[in-house]
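Results of the structural survey
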Amino acid sequence: MPLRRWVRGSAPYTERDRELVSALMTRAGLVVEAARASFLDRTVSETMQRALLPTLLPQPDHLQLASRYQLAENTQLVGGDWYDAYLDATGTTSLVVGDVAGHDIAAAVTMGQLRTELRMAGLDGTAGPARVLTTVDVACDTFGQHVFATALVARVERFPPDRPARDRALTWSSAGHPPPVLLHADGTVAVLTDRVGLPLGVDPSRPRPEHRHVLPVNSTLLLYTDGLLEQLDVPVAATGRPGGSGTRDLDTGLARLTDLLAGSAGLDLEDLCDLVMTTLLPPAGAADDVALLAIRPYAEDQPRPPQAGPNVVP
């Protein structure tokens, strides 16, 4: 019995009609399959990415650490932002934050490799942050591991080492990463704009600068990925940059962050991190992955504050 149109009394479908329906079904199937593959790819990447982040931050005696992580909401695939914190063999606290270029499983895999390599390079405590970055950069080049990533490595040491510490010594080196931000207890904010080195994967033979600062008692050091600063759409007229209706301006984002911190010095560390994420990221979701890592030192000649939680070293 011939296939007829749904309109009563109409003529049977022609061969051309059948070809059109078949083509539409094929295209619909491709769209569904692409959506399914994209969902699975994102799910695998997201699971891998979260699995490679620390499940529990160390809380060394009289140091408090806090972190936040937000996946991008408007991209099909996750990227390679990460943070890490650990105690090396000497008991010194090391902090790492980084961002691998790309938004796919390859970026998540590279992120996991770099996180492991950076931790291994700094684990015995004999290498400073610049040497740790150089070691990993050379290793990637030697073994043909093609990467392009920014990263920042910092060490927080007792200072002075021969008596109960109040201020700490901060040593850090940046491979093309956004600058650390230091919030003092009185609300003063300092952006540590010391010279940075090249991103990982560019030129492992280039020397990397390393910087040393005092991390005052009750101050807060924030490390982050650039997604935290890129969430504000700035009109072109405001930046003088051509191309499109707007741009995400890192300087503007950094100014928003420092203004927010200046009025928030009295918050405990967890509340401060919550405030930064909820204020700087849009309600609809982050446009890029965001990693945030913060540390606050307390005086060792006084009891550990209750808001800092227990002294835990996982």
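Within each chain, residue numbers correspond to sequence positions counted from 1 in written order. Local features in this predicted model are restricted to residues whose pLDDT is 70 or higher, and side-chain atom pairs enter the listing and the counts only when it is 80 or higher, whereas totals over whole chains, interfaces and linings include all residues. Where side-chain values are given, they derive from all heavy atoms of the structure, hydrogens and water being excluded.

**Quick look at the overall build of the protein chain**
- Secondary structure elements are defined from DSSP: runs of H or I of at least 4 residues count as helices, runs of E of at least 2 residues count as strands, and each element is numbered from the N terminus. Check the secondary structure of the protein chain and you find six helices and twelve strands.
- Each residue is placed in one exposure class: buried if its accessible area under a 1.4 Å probe, protein chains only, is under 20% of its type's maximum, exposed if it is over 50%, and partly exposed if it falls in between. For the protein chain, buried positions account for 46% of its 314 residues.
- Within the protein chain, contacts between residues separated by at least 24 positions form 70% of all contacts whose residues are at least 6 apart in sequence. Whether two residues touch is decided by their heavy atoms; if any such pair falls within 4.5 Å, the residues are in contact.

**Observations regarding the sheet that holds strand 12 (residues 290-297)**
- Note on pairing: DSSP must find at least two bridges between two strands before they are called paired. The antiparallel open sheet is built from five strands, whose spatial order is 1-12-9-6-7. Looking along the sheet, the strands with just one partner apiece sit at the ends: strand 1 (63-70) and strand 7 (189-191). The sheet shows a mean angle of 15 degrees between the axes of neighbouring strands, direction not considered.
- Here eight bridges tie strand 1 to strand 12, and the two strands are oriented antiparallel to one another. All axes are obtained by fitting lines to C-alpha atoms, using only the stretch in contact for helices, and the reported angles, taken between N-to-C directions, cover 0 to 180 degrees.

**A few points about the environment of leucine 152**
- Following the sequence through the fold, leucine 152 ends up in strand 4 (residues 149-158).
- The spacing of leucine 152 and valine 196 is 44 residues in sequence and 9.3 Å in space, taken between C-alpha atoms.
- In contact with leucine 152, other than residues within four places in its own chain, are Leu95, Val96, Val97, Trp172, Ser173, Ser174, His177, Pro178, Pro180 and Leu223.

**Re the pairing of strand 12**
- Of all eight residues making up strand 12, eight are buried, and the element is well covered by its neighbours.
- Across the two faces of strand 12 the burial is the same, with Val290, Leu292, Ala294 and Arg296 and Ala291, Leu293, Ile295 and Pro297 all buried.
- Pairing geometry for strand 9 (residues 220-224) and strand 12, over four bridges, is antiparallel. Among the inter-strand pairings, leucine 223 is bridged to a residue of strand 12, identified as leucine 293.

**Things to note about the packing of helix 2 (residues 105-122) against helix 3 (residues 129-142)**
- Two numbers describe how helix 2 lies on helix 3: the axes approach to 9 Å, and their chain directions differ by 130 degrees. What the angle tells us is that helix 2 and helix 3 run oblique. For the crossing formed where helix 2 meets helix 3, the hand is right-handed. The segment helix 2 lies against helix 3, with Leu114, Glu117, Leu118, Ala121 and Gly122 engaging Val132, Leu133, Thr135, Val136 and Cys140.
- All residues other than Ala, Val, Leu, Ile, Met, Phe, Trp, Tyr, Cys, Pro, Asp, Glu, Lys and Arg, Gly among them, are scored as polar; the first ten of these are nonpolar and the last four charged. When grouped by side-chain class, the residues that make up the contact of helix 2 with helix 3 number seven nonpolar, two polar and one charged. Working definition: roughly parallel below 35 degrees, roughly antiparallel above 145 degrees, roughly perpendicular at 65 to 115 degrees, and oblique for all remaining angles. For any pair of crossing helices, the crossing counts as left-handed if the nearer helix is rotated counterclockwise from the farther one by less than a right angle, and right-handed if it is rotated clockwise.

**Quick look at empty space enclosed by the protein**
- The distinction between a cavity and a pocket rests on a 1 Å grid over the protein atoms alone: a 1.4 Å probe fits inside a cavity but cannot get out, while a pocket stays open yet meets protein on both sides within 12 Å along at least five of seven lines, and a residue with an atom within 4 Å of a point counts as lining. Grid points are joined across faces, edges and corners, and a volume is the space filled by probe spheres set on the points. Per the stated rule, a full pass over the model turns up two cavities of 30 Å³ or more.
- A volume near 50 Å³ is recorded for the largest cavity.
- In terms of lining residues, the largest cavity is bounded by Tyr86, Asp88, Ser94, Gly122, Gly125, Ala127, Gly128, Pro129, Val132, Val153 and Arg155.
- Of all the elements in the fold, those that place two or more residues in the lining of the largest cavity are helix 3 and strand 4.
- The residue inventory of the lining of the largest cavity, partitioned by class, reads five nonpolar, four polar and two charged.

**Description of the packing of aromatic side chains**
- When the centres of two rings from Phe, Tyr and Trp lie within 6.5 Å, Trp using its six-membered ring, the rings pair. Their planes under 30 degrees apart give stacked, over 60 give edge-to-face, and anything left gives tilted. As enumerated under the stated definition, the model contains one aromatic pair in all.
- A ring pair is formed by tyrosine 69 and tyrosine 83, whose centres lie 6.5 Å apart and whose planes are at 50 degrees; its orientation type is tilted. Separated by 14 residues along the polypeptide, tyrosine 69 in strand 1 and tyrosine 83 in strand 2 (residues 80-87) bring together distant segments of the chain. The burial state of tyrosine 69 is the same as that of tyrosine 83; both residues are buried.

**Side note on the layout of surface pockets**
- Reported here for the largest pocket is a volume of approximately 250 Å³.
- As for the largest pocket, its lining consists of 16 residues, and the residues nearest its centre are Gly176, His177, Pro178, Asp226 and Leu250.
- Of all elements in the fold, only strand 3 (93-100), strand 4 and helix 5 (250-262) reach the threshold of two or more residues within the lining of the largest pocket.
- No other element matches helix 5, which puts three residues into the lining of the largest pocket.
- The space that makes up the second largest pocket amounts to roughly 160 Å³.

**Brief notes about the packing of helix 5 against helix 6 (residues 269-280)**
- Close contact between helix 5 and helix 6 brings their axes to 11 Å; oriented N to C, the two are set at 140 degrees. Comparing their axes, helix 6 and helix 5 come out oblique. As helix 5 packs across helix 6, the resulting crossing turns out to be right-handed. Side by side, helix 5 and helix 6 meet where Arg256, Leu257, Leu260 and Leu261 of the first sit next to Leu272, Leu275, Val276, Thr279 and Leu280 of the second.
- In the contact of helix 5 with helix 6, the residues fall into seven nonpolar, one polar and one charged.

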